[in-house]
There are 2 protein chains.
Amino acid sequence: MEKDRSRTQQAILFASIRLFARHGYGRTSLAAIARAVGIQKPSIYNHYKGKDDILQDIFDFFLSTSQLPSEPEEMLSRRAAHCLHGTPASVTPATALLTELIEWYLHDTDDPLLSDAWIMLLSEQFLNNQAAQIVLQITEQFVEFFRVTFLWMHRQGMLPDISHPEQLGETFGYAIHGFHIEYILRRHHEMPSGEIRARMRSLAVQFGAGVDLVPDPAVS
Amino acid sequence: MEKDRSRTQQAILFASIRLFARHGYGRTSLAAIARAVGIQKPSIYNHYKGKDDILQDIFDFFLSTSQLPSEPEEMLSRRAAHCLHGTPASVTPATALLTELIEWYLHDTDDPLLSDAWIMLLSEQFLNNQAAQIVLQITEQFVEFFRVTFLWMHRQGMLPDISHPEQLGETFGYAIHGFHIEYILRRHHEMPSGEIRARMRSLAVQFGAGVDLVPDPAVS
């Protein structure tokens, strides 16, 4: 659950996320945070014990805002009903749904604050054990979400008849997660990121259609 | 090509890689580096202009040591001949080769210095544009290597007849790359990493056998 924060505390939290993502946790001073918020440095201590206390609050904030749906199946039915309406016949239902899920996920990434919080975590993951635990936990939740998605699509008859849809879902989830980090990295440095979006969409086609994974019946 | 470094210069380089990976570039001082090498701080200036100059040399070192084979096809033939000798019939040739390539790659990761250089790069990728370029370049080379591998296996008749083996190779490469970073992260924090190795091997089975990607002929 999102915890209550005063306006000033929230301003400190958000400014810290931005500064840590730009300059690194180790290279950002409390003075710089106070300057960004427009308060005196000692005022920070009314809200936080110090930089490490702000870091803890960023971890809480990130965990509470990047929750995947607790009832994925209900969400999948809703998304599927929405995206299949008006999908051209050349696109398989599974591809349409996977594409919709990727777009929904990237939409979250377009939130500069959440994106900066990810950057901060990824930059600290080797230096801070807790940051590593959170990165691994979020990755695991993400992969699990696609495992459930592939099982659900399989039960709905949206996938070709395969024996282990959950394995396919895990592979898809890990690949999308990897692309996602590269996407954040490129955007952060203002490098071209369109190709990464295209690769994600192409993965949705590949996994949703099974086209290239299935032997050509004309040949085999 | 690997450049020549004096013994002391190499000691400074290696100590810096270790310290940057443990404490971060921003939180490591020249004094700490000198202490680790067992020299006086001013002696560092006989070899490097400063911390940023050491960072540049780490980039050079990393790029020169993490080269994938320039003639992958020759290397693939050699590896295939080696690993197919004595492989049980239950394992497809493609799975045997992919497993061998993963083991060979992880063996490199077990080198503490190379692993620390990776950690340093990944920690700095959002703070330093050049670190980001190198991470993207190495990732691209890695994915390209598996694209070539899947094309080669396809030409050798080691894969079921699929129309876009290069796409399958890219997906495999990205997934393995993602697992690899998680593997380094877990080992760095002394968290269990056996499950990640098992997942990589399971990916080699999945992509090398096509078992779960191909419709069950008994059902379809």
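Small disclaimer: the values here were computed from a predicted structure and weren't measured. (Residues numbered from 1 in each chain as written. Chains lettered and ligands numbered in written order. Predicted model: local features only at pLDDT ≥ 70, side-chain atom pairs only at ≥ 80, totals over all residues. Heavy atoms only, no water.)

Some thoughts on the relation of the copies chain A and chain B
Each of the two copies of the chain can be brought onto the other by a rotation about an axis and a shift along it.
Then comes step 1: Overlaying chain A with chain B gives an RMSD of 0.0 Å, the required rotation being 180° about an axis along which the chain moves by 0.0 Å. Put plainly, the chains are arranged around a two-fold axis. (Least-squares fit on C-alpha atoms with pLDDT ≥ 70 in both.)

Some words on the interface of chain A and chain B
Then comes step 1: Taken together, the 50 residues of chain A in the interface contact 50 residues of chain B.
Then comes step 2: Both sides together, the interface formed by chain A and chain B hides about 4600 Å², and carbon and sulfur atoms give 58% of it.
Then comes step 3: Seen at the junction of chain A and chain B, the total is six salt bridges.
Then comes step 4: The salt bridge involving E124 of chain A is made with R27 of chain B; its shortest N-O contact spans 3.0 Å.
Then comes step 5: Between chain A and chain B we count ten residue pairs in polar contact (both at pLDDT 80 or more) in total.
Then comes step 6: If one sorts the elements of the side of chain A that touches chain B by residue count, helix α8 (residues 165-188) of chain A sits on top with eleven residues.
Then comes step 7: Residue composition of the side of chain A that touches chain B, by class: 22 nonpolar, 17 polar and eleven charged. (Contact = heavy atoms within 4.5 Å. Buried area = accessible area lost by both parts, 1.4 Å probe. Salt bridge = Lys/Arg side-chain N within 4 Å of Asp/Glu carboxyl O. Polar contact = N/O pair within 3.5 Å; in protein donor to acceptor, adjacent residues only side chain to side chain. Helix = DSSP H or I, 4+ residues; strand = E, 2+ residues; numbered from the N terminus. Nonpolar A, V, L, I, M, F, W, Y, C, P; charged D, E, K, R; others polar.)

Concerning the UniProt feature "DNA-binding region" (unreviewed entry) in chain A
Then comes step 1: The sites that UniProt annotates as "DNA-binding region" (unreviewed entry) are residues 29-48 of chain A.
Then comes step 2: For the annotated span residues 29-48 of chain A, helix accounts for 40% and strand for 0% of the residues, and the straight-line distance between the end C-alpha atoms is 14 Å. (UniProt positions renumbered as here; feature names shortened; annotations may be inferred.)

Quick look at helix α9 (residues 194-209) of chain A
Then comes step 1: Taking 1.5 Å as the rise per residue, α9 of chain A with 16 residues should run 22 Å; its terminal C-alpha atoms sit 22 Å apart, in good agreement.
Then comes step 2: Along α9 of chain A, the residues that are buried comprise I196, R199, M200, L203, A204, Q206, F207 and G208 of chain A.
Then comes step 3: Close packing links the buried residues of α9 of chain A with α5 (93-109), α7 (129-155) and α8 of chain A together with α7 (129-155) and α8 (165-188) of chain B. (Expected span 1.5 Å × (residues − 1). Buried < 20%, exposed > 50% of the residue type's maximum accessible area, 1.4 Å probe, protein only.)

Here's the deal with the pattern of salt bridges
Then comes step 1: All chains considered together, the criterion is met by 26 salt bridges over all chains.
Then comes step 2: Residue R201 of chain B pairs with E103 of chain B through a salt bridge whose shortest N-O separation is 3.6 Å. Of the two residues, R201 of chain B is situated in helix α9 (residues 194-209) and E103 of chain B in helix α5 (residues 93-109); the sequence distance between them amounts to 98 residues.
Then comes step 3: Looking at R201 of chain B, the relative accessible area reads 37%, which means it is partly exposed.
Then comes step 4: A salt bridge links R186 of chain B to E182 of chain B, with the nearest nitrogen and oxygen atoms 3.2 Å apart. Residue R186 of chain B and its partner E182 of chain B are both found in helix α8; the two are separated by four residues, about one turn of the helix.
Then comes step 5: A cluster of three or more residues bridged by salt bridges with shared partners is formed by E140 and E170 of chain A together with E195 and R199 of chain B.

Considerations on the UniProt feature "domain: HTH tetR-type" (unreviewed entry) in chain A
Then comes step 1: Mapped onto this structure's residue numbering, the UniProt feature "domain: HTH tetR-type" (unreviewed entry) falls at residues 6-66 of chain A.
Then comes step 2: End C-alpha atoms of residues 6-66 of chain A are separated by 21 Å, and the span's content is 66% helix alongside 0% strand.

Overview of the packing of α5 of chain B against α8 of chain B
Residue and element names in this part refer to chain B.
Then comes step 1: Axis separation between α5 and α8 bottoms out at 12 Å; the angle between their running directions is 35°. Here α5 and α8 pass one another in a crossing that is right-handed. Contacts from L98, I102, Y105, L106 and T109 in α5 reach F172, I176, H180, Y183 and I184 in α8. (Axes fitted to C-alpha atoms, helices over the stretch in contact; angles between N-to-C directions. Left-handed = near helix turned anticlockwise from the far one by under 90°.)

Points about the domain arrangement of chain A
All names here are of chain A.
Then comes step 1: Each assigned domain of chain A is listed here: domain 1 (7-59) and domain 2 (67-209).
Then comes step 2: Between the C-alpha centres of domain 1 and domain 2 there is a distance of 31 Å.
Then comes step 3: For the pairing of domain 1 and domain 2, the buried interface totals around 1100 Å² over both sides, and the portion due to carbon and sulfur atoms is 70%.
Then comes step 4: Ranking the residues of domain 1 by area buried against domain 2 places I17, A21 and F59 at the top, with a combined share of 49%.
Then comes step 5: For the interface between domain 1 and domain 2, the tally reads one salt bridge.
Then comes step 6: Joining domain 1 to domain 2, the criterion identifies two residue pairs in polar contact (both at pLDDT 80 or more).
Then comes step 7: With six residues, helix α1 (residues 7-23) is the single largest residue contributor to the side of domain 1 that touches domain 2.
Then comes step 8: Class assignment of the residues belonging to the side of domain 1 that touches domain 2 gives a composition of eight nonpolar, one polar and two charged. (Domains from an automatic or database assignment.)

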